[in-house]
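# An overview of the molecular structure
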Amino acid sequence: QQQVKQSPQSLIVQKGGISIINCAYENTAFDYFPWYQQFPGKGPALLIAIRPDVSEKKEGRFTISFNKSAKQFSLHIMDSQPGDSATYFCAATINQAGTALIFGKGTTLSVSS
Amino acid sequence: DVKVTQSSRYLVKRTGEKVFLECVQDMDHENMFWYRQDPGLGLRLIYFSYDVKMKEKGDIPEGYSVSREKKERFSLILESASTNQTSMYLCASSPPPVPYEQYFGPGTRLTVT
């Protein structure tokens, strides 16, 4: 119940294309769903986050779509650029003190020019 | 800018040695975390702490211990290093009441020979 399942494990997209990464969860108590981006040699950094009472959140070229009934959420990267090449992690948590993030296993995105 | 620093970027230790990994954050965050990152396994939580001298086991605490004597410093200890502890170790901190907003250090690549 604590797992967050992420797919695909790796993704190759052409420059200008749309990158889509999917995640699914079981624990309905989760109430915050962040996405992290990690470049080689760096620690992950928070990219965007969503609460389950919102179906979509957009920040620039990055959009999270959330389907509460299906217990799924996804990251869409529009107009993908070579600089977006990184590893992306979805995560889930119960947003209260004393709790921790549950991470998916990550998706390595390569955007070819 | 939040800064999370880790004592070493690369570390090579011998089997059976006691290993200390240090993490310091400069933003007065209550929550601090230790993860290990392995290819295909994502980020796995080892321990976290939500207050000085408090600690909680994560998903994979076996073979590790932690110490948090001061708010800004969280240490990970490998009591007797083994080759299966060769990994990238990442420290993170987060402010309450937003545990989903974690700030990561650059990581320590530990090799146990």
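First, a word on scope: everything that follows refers to the structure included in this document. (Residues numbered from 1 in each chain as written. Chains lettered and ligands numbered in written order. Predicted model: local features only at pLDDT ≥ 70, side-chain atom pairs only at ≥ 80, totals over all residues. Heavy atoms only, no water.)

### What to know about the side chain of B:S49
All names here are of chain B. Condition: The secondary structure listing takes helices from DSSP runs of H or I that are at least 4 residues long and strands from runs of E that are at least 2 residues long, numbered from the N terminus. Within 3.5 Å is the distance limit for a polar contact, defined as a pair of N or O atoms, with the added protein rule that one can donate a hydrogen and the other accept it, and that residues adjacent in sequence qualify only through two side-chain atoms. In this description, contact between two residues means that some pair of their heavy atoms is separated by no more than 4.5 Å.
Locating S49 in the fold gives a position in strand β5 (residues 42-49). Here the side chain of S49 touches R68 through a polar contact of 3.0 Å, side chain to side chain. Those residues within four positions of S49 in sequence are excluded, and the remaining contacts are E30, N31, M32, M54, K55, R68 and F74.

### Digging into the layout of surface pockets
Any empty space left between the atoms is revealed when a probe the size of a water molecule rolls over them. Condition: Buriedness of a pocket was judged along seven lines, with at least five required to meet protein on both sides within 12 Å; pockets are open sets of points on a 1 Å grid over the protein atoms alone, cavities are sets where a 1.4 Å probe fits but cannot get out, and lining residues have an atom within 4 Å of a point. Grid points are joined across faces, edges and corners, and a volume is the space filled by probe spheres set on the points. When residues are sorted by character, Ala, Val, Leu, Ile, Met, Phe, Trp, Tyr, Cys and Pro go into the nonpolar class, Asp, Glu, Lys and Arg into the charged class, and all the rest, Gly among them, into the polar class.
Of the pockets and cavities examined, the largest pocket occupies roughly 500 Å³. A:Q38, A:T87, A:F89, A:T108 and B:Q37 are the residues nearest the centre of the largest pocket, which is lined by 22 residues in total. Mapped by element, the contributors of at least two residues to the lining of the largest pocket are β9 (86-92) of chain A together with β4 (31-38) of chain B. With three residues, β9(A) is the largest single contributor of residues to the lining of the largest pocket. In the lining of the largest pocket, the residues fall into six nonpolar, twelve polar and four charged.

### Thoughts on the pattern of salt bridges
Residues and elements named next belong to chain B. Cut-off, in case you're wondering: Here a salt bridge means any side-chain nitrogen of Lys or Arg lying within 4 Å of a carboxyl oxygen belonging to Asp or Glu.
This structure, assessed with the given rule, holds ten salt bridges over all chains. K18 serves as the salt-bridge partner of E79, at 3.6 Å between the closest nitrogen and oxygen. Here E79 is found in the loop between β8 (73-78) and β9 (87-94), whereas its partner K18 is found in the loop between β2 (10-13) and β3 (19-25), with 61 residues between them in sequence. Between K71 and E30 there is a salt bridge, and its shortest N-O distance comes to 3.1 Å. You can see K71 sitting in the loop between β7 (64-70) and β8 and its partner E30 sitting in the loop between β3 and β4, a full 41 residues away along the chain.

### Some thoughts on the sheet that holds β8(B)
All names here are of chain B. The condition is simple: By this definition, two strands are paired if DSSP reports at least two bridges between them. Angles run from 0 to 180 degrees between N-to-C directions of axes, and those axes are lines fitted to C-alpha atoms, restricted for helices to the stretch in contact.
Taken in spatial order, the four strands make up an open sheet running β1-β3-β8-β7, and their pairing is antiparallel. Where the open sheet ends on each side, the last strands, each with one partner, are β1 (4-6) and β7. Strand-to-strand twist in this sheet, taken as the mean axis angle between neighbours without regard to direction, amounts to 20 degrees. Both β1 and β3 contribute to a ladder of three bridges, which runs antiparallel. Across the sheet, the residue bridging to V4 is Q25, located in β3.

### Quick notes on the pairing of β9(B)
Residues and elements named next belong to chain B. Rule in force here: When accessible area is computed with a 1.4 Å probe and restricted to protein chains, residues below 20% of their type maximum are described as buried, those above 50% as exposed, and intermediate ones as partly exposed.
When you tally the buried positions in β9, you get eight out of eight residues, the bulk of the element. Here β9 shows no split at all, with S87, Y89, C91 and S93 on one side and M88, L90, A92 and S94 on the other all buried. With seven bridges connecting them, β4 and β9 associate as antiparallel partners. Residue F33 lies in a different strand from β9, and its bridge partner there is A92. By the bridge criterion, two bridges tie β9 to strand β10 (residues 103-104) in an arrangement that is antiparallel. Note that in β10 the partner of S93 across the bridge is Y103.

Bear in mind that shape data such as this cannot, by itself, settle questions of function.
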